Amino acid sequence: MNINLDTPILQIALDFINLRRAINVAREAVGSGVDWIEAGTPLIKSEGLDSIRALRKEFPSTTIVADMKTMDAGRLEMETAAKAGADIAVVMGCATDATIKECINTGKNYGIKVEVDLIGVTDSVSRSIDVEKWGADIIGVHTAIDEQMHGNLPFEKLKEICSKASIPVAVAGGINSETVVDAVNAGAKIIVVGGSICKAPNIKIATEKIKNAISTREKVAEVLYKRTSSDDIREILERVSTANISDGRHRLKGIAGMNCIGSETKMVGRAVTVRTYPGDWAKPVEAIDIAEEGDIIVVDAGGVGPAVWGELATLSAKQKGLAGAVINGAVRDSGEVRELQFPVFAKLVMPNAGEPKGFGEIGVPINISGITINNGDWVVGDSDGLIVLPKREAKEMANYAMDWLERENRLREEISQGKTSLAEVTELLKWTKK
Ligand SMILES: O=C(CO)[C@H](O)[C@H](O)COP(=O)(O)O
């Protein structure tokens, strides 16, 4: 095959574990303008090289890329990919020189192109020069999905690598309809897009958006398929659910047994922690004045009454622009609190308050239902309950949560479009433990 470099090529990366889902998405994407199809590494690992055979059969005239991510045994892996029907196969740039050379020679022997993926390579510019010298056909500039969760994108070295390479450069790693323009402007000839097409509820619209951005070089605004690199994660946390955050963090435990008073249950903010004693409402109320706009007062009053929070505290917190309150103890005036439409999560509701004695502390680590909360940690509440994001890990947790939200958007669409079930769509039984 010859690679036509006149216009950038759009390659879809099918990062599914399930071949049937992958083929359905590929069908829609190719029909909407995707040029090349990549069998993603998770697909090849879960369904084997049969995934390449199936794609070849389904798309006889489309270029198929096998993202083998070869690290060793270069000859065998390139040979089997070629025999399964791949046109291009991928070896890792961080593999040994011997493996990369073996892949390139095998590619030449079997008539497939070999791409060297520079994921994780420290000196990616000099590695790209070396692999071109050895006869590689494509250089892949790539930011790993896991790295994307820390806010990294593949553009840092892209321009320099493109300017030095005389073979095509492919770029991958969280490309969406905005960043694709940066990729093309930097000189990338092959644009690899996984999530922002494969997780889209509407594959046609998602593909066309990216195709348009490539051809016009104008960014098409996107709210999903973005990862934040800053600590200002409020916008993401307002979009995702506590379930998304939990799933993204390997089913992280939330705080159970706290109910929200009122219908306004979504709450996002940084914790101002308060440790007090049953019924002593002095420190919780003092904390309202210390807190800043958007914060959440999180009180540990031992999980028992009398009440340490009520209508007037709620009104004060609302007026100050706080985002909510969590009371591991009791709340009163629930009717009035509800009317104020301010999220207050509490363990108990009772009529009697205690006295403001002034014991306890503000801004100290507290523990509610086995979950530690430090002052400044992010807290998210919704109709499922509460979840805490430790401040040092919050950015990454928010990005993973967003990824889960995007995946569920796609699954929801597949379930409703196919009038089928979650088990059916995901082939659940096939992928459960044997
Ligand atoms: O090879 C991959 C991961 O190693 C992906 O296929 C590639 O990163 C494209 O997917 P996304 O656009 O979701 O980053």
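Residues numbered from 1 in each chain as written. Predicted model: local features only at pLDDT ≥ 70, side-chain atom pairs only at ≥ 80, totals over all residues. Heavy atoms only, no water.

**Remarks on helix 1 (residues 19-31)**
- With 13 residues, helix 1 ought to run about 18 Å at 1.5 Å a step, and its terminal C-alpha atoms sit 18 Å apart, in line with that.
- Residues of helix 1 that are buried: Leu19, Arg21, Ala22, Ile23, Val25, Ala26 and Ala29.
- Once helix 1 ends, the next one or two residues include Gly33, with phi positive near 120°. (Helix = DSSP H or I, 4+ residues; strand = E, 2+ residues; numbered from the N terminus. Expected span 1.5 Å × (residues − 1). Buried < 20%, exposed > 50% of the residue type's maximum accessible area, 1.4 Å probe, protein only.)

**Re the UniProt feature "domain: Orotidine 5'-phosphate decarboxylase" (unreviewed entry) in the chain**
- Those residues carrying the UniProt feature "domain: Orotidine 5'-phosphate decarboxylase" (unreviewed entry) are residues 9-210 in this numbering.
- Note that residues 9-210 is 47% helix and 20% strand, and that its end C-alpha atoms are spaced 11 Å apart. (UniProt positions renumbered as here; feature names shortened; annotations may be inferred.)

**Here we look at the environment of Ile233**
- Note on placement: Ile233 falls in the loop between helix 11 (203-216) and helix 12 (234-239).
- When the C-alpha atoms of Ile233 and Pro365 are compared, they prove to be 22 Å apart, with 132 residues separating the residues in sequence.
- When near neighbours in sequence (up to four residues on either side) are disregarded, Ile233 contacts Thr228, Trp378, Ala394, Lys395 and Ala398. (Contact = heavy atoms within 4.5 Å.)

**Structural notes on the domain arrangement of the chain**
- Domain boundaries in the chain define domain 1 (9-216) and domain 2 (234-395).
- Its C-alpha centre places domain 1 at a distance of 46 Å from the equivalent point of domain 2. (Domains from an automatic or database assignment.)

**Some words on the nonpolar core**
- Counting 67 residues, the largest nonpolar core has Ile12, Leu14, Ile52, Ile139, Leu158, Ile191 and Ile197 as the members making the most contacts within it.
- Top contributing element to this core by residue count: helix 1, with six residues.
- Filtering out sequence-adjacent residues up to four positions away, Ile197 remains in contact with Leu10, Ile12, Ala29, Val34, Ile203, Ala206, Thr207 and Ile210.
- By size, the runner-up hydrophobic cluster in this structure holds 21 residues, among which are Ala287, Trp309, Leu322 and Val331. (Core = buried A, V, L, I, M, F, W, Y, C linked by side-chain atoms within 4.5 Å.)

**Considerations on the sheet that holds strand 6 (residues 138-142)**
- Pairing is parallel around the closed barrel formed by eight strands, whose spatial order is 1-2-3-4-5-6-7-8. Between one strand axis and the next, the sheet turns through 25° on average, direction left out of account.
- Alignment of strand 7 (residues 169-172) against strand 8 (residues 190-193), held across three bridges, turns out to be parallel. Residue Val171 lies in a different strand from strand 8, and its bridge partner there is Ile191. (Pairing = 2+ DSSP bridges. Axes fitted to C-alpha atoms, helices over the stretch in contact; angles between N-to-C directions.)

**Side note on the packing of aromatic side chains**
- This structure, assessed with the given rule, holds one aromatic pair.
- Positioned over the ring face of Trp134 is Lys101, at 4.7 Å from the centre of the ring.
- The cationic tip of Arg407 hangs over the ring face of Trp404; the distance from NZ or CZ to the ring centre is 4.8 Å. (Phe/Tyr/Trp six-rings, centres within 6.5 Å; stacked < 30°, edge-to-face > 60°. Lys NZ or Arg CZ within 6 Å of the ring centre and 35° of its normal.)

**Digging into the site of the ligand**
- Surveying the vicinity of the ligand reveals 13 residues, the closest of which are Asp15, Lys69, Gln148, Gly174 and Gly194.
- The contact in question runs from an oxygen atom of the ligand to an N or O atom on the side chain of Asp15, over 2.6 Å.
- In this structure, an oxygen atom belonging to the ligand sits 2.8 Å away from a side-chain N or O atom of Gln148.
- Here the ligand has 370 Å² of accessible area as a free molecule, and 90% of this is covered by the chains. (Near = heavy atom within 4 Å. Polar contact = N/O pair within 3.5 Å; in protein donor to acceptor, adjacent residues only side chain to side chain. Areas by Shrake-Rupley, 256 points an atom, 1.4 Å probe, with all protein chains shown as cover.)

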